[in-house]
Amino acid sequence: MAESHGGAKGQPANAHTEADGGHHGGGFPPFESSTFASQLVSLAIFFVILYVIVSKLALPRVGGAIEARQNKIEGDLAEAQKLKDQSDAALKAYEGELASARSRAQAIGNESRETANAQAEAERKALEEQLAKKLAEAEKTIASTRAAAMSNVRGIAADAAGAIVQQLTGVVPDATSVNAAVDASLKG
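Residues numbered from 1 in each chain as written. Predicted model: local features only at pLDDT ≥ 70, side-chain atom pairs only at ≥ 80, totals over all residues. Heavy atoms only, no water.

As recorded in an unreviewed UniProt entry, the protein goes by ATP synthase subunit b and comes from Bradyrhizobium iriomotense. Looking at the protein in UniProt, the text filed under Sequence similarities (unreviewed entry) is "Belongs to the ATPase B chain family." (UniProt positions renumbered as here; feature names shortened; annotations may be inferred.)

**What about the overall build of the protein?**
Across its full length, the protein holds two helices and zero strands. For the protein, the proportion of its 188 residues judged to be buried stands at 2%. Taken as a whole, the protein presents about 16,200 Å² of accessible surface, with 62% of it coming from carbon and sulfur. (Helix = DSSP H or I, 4+ residues; strand = E, 2+ residues; numbered from the N terminus. Buried < 20%, exposed > 50% of the residue type's maximum accessible area, 1.4 Å probe, protein only. Areas by Shrake-Rupley, 256 points an atom, 1.4 Å probe, with all protein chains shown as cover.)

**Section: the packing of helix 1 (residues 36–169) against helix 2 (residues 175–187)**
Relative orientation and spacing of two packed helices are given, respectively, by the angle between their axes and the distance between those axes. In the contact formed by helix 1 and helix 2, the axes pass within 9 Å of each other and the chain directions differ by 125°. Classified by the angle their axes make, helix 1 and helix 2 are oblique. Considering the relative orientation of helix 1 and helix 2, their crossing is right-handed. When helix 1 is examined against helix 2, the residues Arg154, Ala157, Ala158, Ala161 and Gly162 are found in contact with a partner set consisting of Val178, Asn179, Val182, Asp183 and Leu186. Grouping the constituent residues of the contact of helix 1 with helix 2 by class yields six nonpolar, two polar and two charged. (Axes fitted to C-alpha atoms, helices over the stretch in contact; angles between N-to-C directions. Parallel < 35°, antiparallel > 145°, perpendicular 65-115°, else oblique. Left-handed = near helix turned anticlockwise from the far one by under 90°. Contact = heavy atoms within 4.5 Å. Nonpolar A, V, L, I, M, F, W, Y, C, P; charged D, E, K, R; others polar.)

**A closer look at the UniProt feature "transmembrane region" (unreviewed entry) in the protein**
The feature "transmembrane region" (unreviewed entry), as annotated in UniProt, sits at residues 36–54 in this numbering. The distance from the first to the last C-alpha atom of residues 36–54 is 26 Å, and the span holds 100% helix and 0% strand.

**Points about the pattern of salt bridges**
Think of it this way: side chains of opposite charge can pair up when their charged atoms draw near. The tally for this structure, following the rule as stated, stands at four salt bridges. Among the salt bridges present, the one from Arg124 reaches Glu121, with a minimum N-O distance of 2.1 Å. On the criterion of helical spacing, the pair formed by Arg124 and Glu121 is a turn pair, its members being three residues apart in helix 1. On the basis of relative accessibility, which here comes to 37%, the residue Arg124 falls in the partly exposed class. (Salt bridge = Lys/Arg side-chain N within 4 Å of Asp/Glu carboxyl O.)

**Some words on a nonpolar patch on the surface**
Side chains of Val41, Ile45, Phe46, Ile49, Ile53 and Leu57 sit close together on the surface and give an oily, nonpolar patch of about 590 Å² of accessible area. Within the fold, Ile49 resides in helix 1. (Patch = residues over 30% accessible without salt bridge, like charges linked within 9 Å, V, L, I, M, F, W, Y side chains within 5 Å.)

**Quick word on helix 1**
Along an α-helix, residues three or four positions apart point the same way, because every turn accommodates 3.6 residues. Helix geometry: helix 1 is bent most strongly at Val54, by close to 40°. Backbone geometry just after helix 1 places Gly170 at a positive phi near 85°. (Bend = angle between axes of the 7 residues up to and from the residue.)

**Here we look at the environment of Gln166**
Residue placement: Gln166 occurs in helix 1. Given a relative accessible area of 37%, Gln166 falls into the partly exposed group. Beyond its immediate stretch of four places on either side in the chain, Gln166 contacts Val171, Val172 and Pro173.

Have a look at this one:
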């Protein structure tokens, strides 16, 4: 078996954990009335020391951290407001430029349309003038062709009338009387 430490042989292994059985007096030392005064003085000294340490060292650090954080938040908010104002100004400038560009584009479109309309009108007038000249020439040609045809018709009508009278009567008619009848018939 294993040897036990700190005791005589034959004693159980947990024998060294037992108390002597002797009592030192009252109960729990913080509750003894004879030590209250010294405990209160010690408590007051430690409280003052702890208060001084906390108020001189810990609180300024915590307060500085809180103040730095508050300053950082305020700085970030100010920067965000500044950037928002800049973006609003940029948006207004963009909208102004966009409206200006739209009005310029509309003016250019109107000008182009007016130029195209004026050019089309000029081309139309030139074409109308050309067509009027061609029409006048065509009317002159038609009139000369009609006059030539009418002179030929008169001769053809006189020959045909003479041939018809000769066929019907068997006698060749006089040319002046046939011409007079054709002229009377042509006048209406």
